[in-house]
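What follows is each chain in one-letter form.
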Amino acid sequence: MPVITNVDDLKKIYKRRTPKMFYDYAETGSWTEQTFHDNVNDFADIRLRQKVAIDMSGRSTATQMIGQDVSMPVALAPVGMTGMQHADGEIKAARAAEAFGVPFTLSTMSICSIEDVAEHTTNPFWFQVYVLRDEDFNRRLLDRAKAAGCTTLVITADLQILGQRHKDLKNGLSAPPKLTLASIANLATKVPWGLEMLGTKRRFFGNIVGHAKNVENAADLGAWTHEQFDPTLDWKRIDKMVKDWDGKVIIKGILDVEDAKRAVKTGADAIIVSNHGGRQLDGAVSSIRILSDIVDAVGDKIEVHIDSGIRSGQDVLKAMALGAKGTYIGRAFIYGLGAMGQEGVTKTLEVIHKELDMSMALCGEQHVDNLNPNNLLIPKDFKISEAYDF
Ligand SMILES: Cc1cc2nc3c(=O)[nH]c(=O)nc-3n(C[C@H](O)[C@H](O)[C@H](O)COP(=O)(O)O)c2cc1C
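Reading the values: rules and limits
- Residues numbered from 1 in each chain as written.
- Predicted model: local features only at pLDDT ≥ 70, side-chain atom pairs only at ≥ 80, totals over all residues.
- Heavy atoms only, no water.
- Helix = DSSP H or I, 4+ residues; strand = E, 2+ residues; numbered from the N terminus.
- Rg over C-alpha atoms; globule rule 2.2 N^0.38 Å.
- Buried < 20%, exposed > 50% of the residue type's maximum accessible area, 1.4 Å probe, protein only.
- Contact = heavy atoms within 4.5 Å.
- Areas by Shrake-Rupley, 256 points an atom, 1.4 Å probe, with all protein chains shown as cover.
- Lys, Arg positive; Asp, Glu negative; His and termini not counted.
- Charge placed at Lys NZ, Arg CZ, Asp CG, Glu CD.
- Axes fitted to C-alpha atoms, helices over the stretch in contact; angles between N-to-C directions.
- Parallel < 35°, antiparallel > 145°, perpendicular 65-115°, else oblique.
- Left-handed = near helix turned anticlockwise from the far one by under 90°.
- Nonpolar A, V, L, I, M, F, W, Y, C, P; charged D, E, K, R; others polar.
- Phe/Tyr/Trp six-rings, centres within 6.5 Å; stacked < 30°, edge-to-face > 60°.
- Near = heavy atom within 4 Å.
- Polar contact = N/O pair within 3.5 Å; in protein donor to acceptor, adjacent residues only side chain to side chain.

Student: Help me get a handle on the overall build of the protein, residues and values and all.
Tutor: In terms of regular secondary structure, the protein is built from 17 helices and 12 strands. Taking 2.2 N^0.38 as the reference for a compact globule, 390 residues should give roughly 21 Å; the C-alpha atoms of the protein span a radius of gyration of 20 Å, in line with that estimate. Overall, the protein is about 60 × 50 × 40 Å in size when its C-alpha atoms are taken along their principal axes. By residue count, 56% of the 390 residues in the protein fall in the buried class. The contacts in the protein between residues at least 6 apart in sequence include a share of 74% that link residues at least 24 apart. Put simply, the protein shows about 16800 Å² of open surface, and 53% of that area lies on carbon and sulfur atoms. Mean positive and mean negative side-chain charge positions of the protein (46 and 51 charges, respectively) differ by 3 Å.

Okay, structure coming up:
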């Protein structure tokens, strides 16, 4: 077993082990992938300020996200088809998150169902909902999440229509994979993945098959999914969803100051500054570059969280120093899961925790809550409101 010291080590193993169709599904952005790449590169443009001769004992990364204790401010983002990256993927990731003391968010488009994940975990997890055209299905989905003990609802607002990702179209992405000459040739090189998949019954979208009208098998499902994202979604519908959910609510996919102000009016507990990992509007700004403007506008009224581009504990440090109260990782945990299952997700979390803790120490900070812009060297014009006319 190679020595794993960073998230990129896990990504290499993940790439070797996982069918191309699912690797490409995760490792892609929409259209030219400009935003997908900016998400990572813009984090790298921020430098850290080293401080010396400060007592570094007794450091802590523990804090709270929406009032929930977390061992570090890093939640697992909702990722569709996680159970195709590794057999029983959602259950394994949820268990790793639970053991580490960070939140796990289950996607509507998961392979393992809400009930199945609840059965295999102890603590409540968070549930991410896509607003779908079938209102009756949507209502029952939220009732199921409640019944399964989910305390927190994450409403994804940035996917009224699906961004175009060229690789998925070319690969004919589906769950389980369609058997074509190309996919069979590729699957033949992924034997451990295939054997584990054969050993589980969880190979379809568990929240949907058997629950949505007229969806009984994979063929029905493809058609259903594509028509279901609701292009008519508006703020009134989000207002109602926030009001109807008896628990905490987070609105995901905010990338604009005006939208952030409108989100505050819904009464939600937090927003996630996110461009969906560069998978929706290519050409949109990176999350880290718009973060300060959104924190300035609403940071005293709502918790501001962030995702998109976080690959290390140093990225977490930078986001927290710019005013975020929590971060999420999507691909970073998928690399771990695809590489080594539950153990790999734990490894991702350990790597990120170590990087965050050590970097905090070298920046002269003992507690994650004390991180602030003075820990950073930020390029001039990094802030979007200073670089562009608003
Ligand atoms: C393969 C993949 C599937 C995703 N599926 C969902 C989803 O079902 N629901 C959702 O709200 N976001 C989804 N996202 C977006 C993530 O929740 C998150 O915003 C994004 O991954 C953050 O960027 P990062 O991967 O650079 O950390 C998905 C992202 C990836 C990479």
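Next, the rest of the story.
Student: Please set out the packing of helix α5 (residues 89-100) against helix α16 (residues 331-362) residue by residue, giving values where relevant.
Tutor: In contact at an axis separation of 10 Å, α5 and α16 are set at 15 degrees when each is read in the N-to-C sense. With respect to their mutual orientation, α5 and α16 come out roughly parallel. Our pair here, α5 against α16, has a crossing hand that is right-handed. Contacts between α5 and α16 involve G89, K92, A93, R95, A96, A97 and F100 from the former and F333, L337, G341, Q342, V345, T346, L349, E350 and H353 from the latter. Considered class by class, the residues forming the contact of α5 with α16 number eight nonpolar, five polar and three charged.

Student: I'd like a rundown of the packing of aromatic side chains, residues and numbers included.
Tutor: Tallied over the full model, the rule gives five aromatic pairs. Plain terms: the ring middles of Y14 and Y335 are 5.8 Å apart, the flat faces sit at 35 degrees to each other, and that makes the pair tilted. With Y14 in helix α1 (residues 7-17) and Y335 in helix α16, this residue pair connects regions lying 321 residues apart in the sequence. Per residue, the accessibility class of Y14 equals that of Y335, and both read buried. By way of ring pairs, the aromatic residues Y14, Y23 and Y335 are connected into one cluster.

Student: Residues and numbers for the site of the ligand, please.
Tutor: Close contacts around the ligand come from 21 residues, with P78, S107, Y130, T156 and D307 the closest. Within the contact set of the ligand, an oxygen atom lies 2.7 Å away from a side-chain nitrogen or oxygen of D307. Contact with the protein chains removes 99% of the 600 Å² of surface that the ligand exposes when unbound. For the shell around the ligand, the elements supplying multiple residues, two or more each, are α2 (20-26) and β6 (126-130). For the shell around the ligand, the per-class residue count stands at six nonpolar, 10 polar and five charged.

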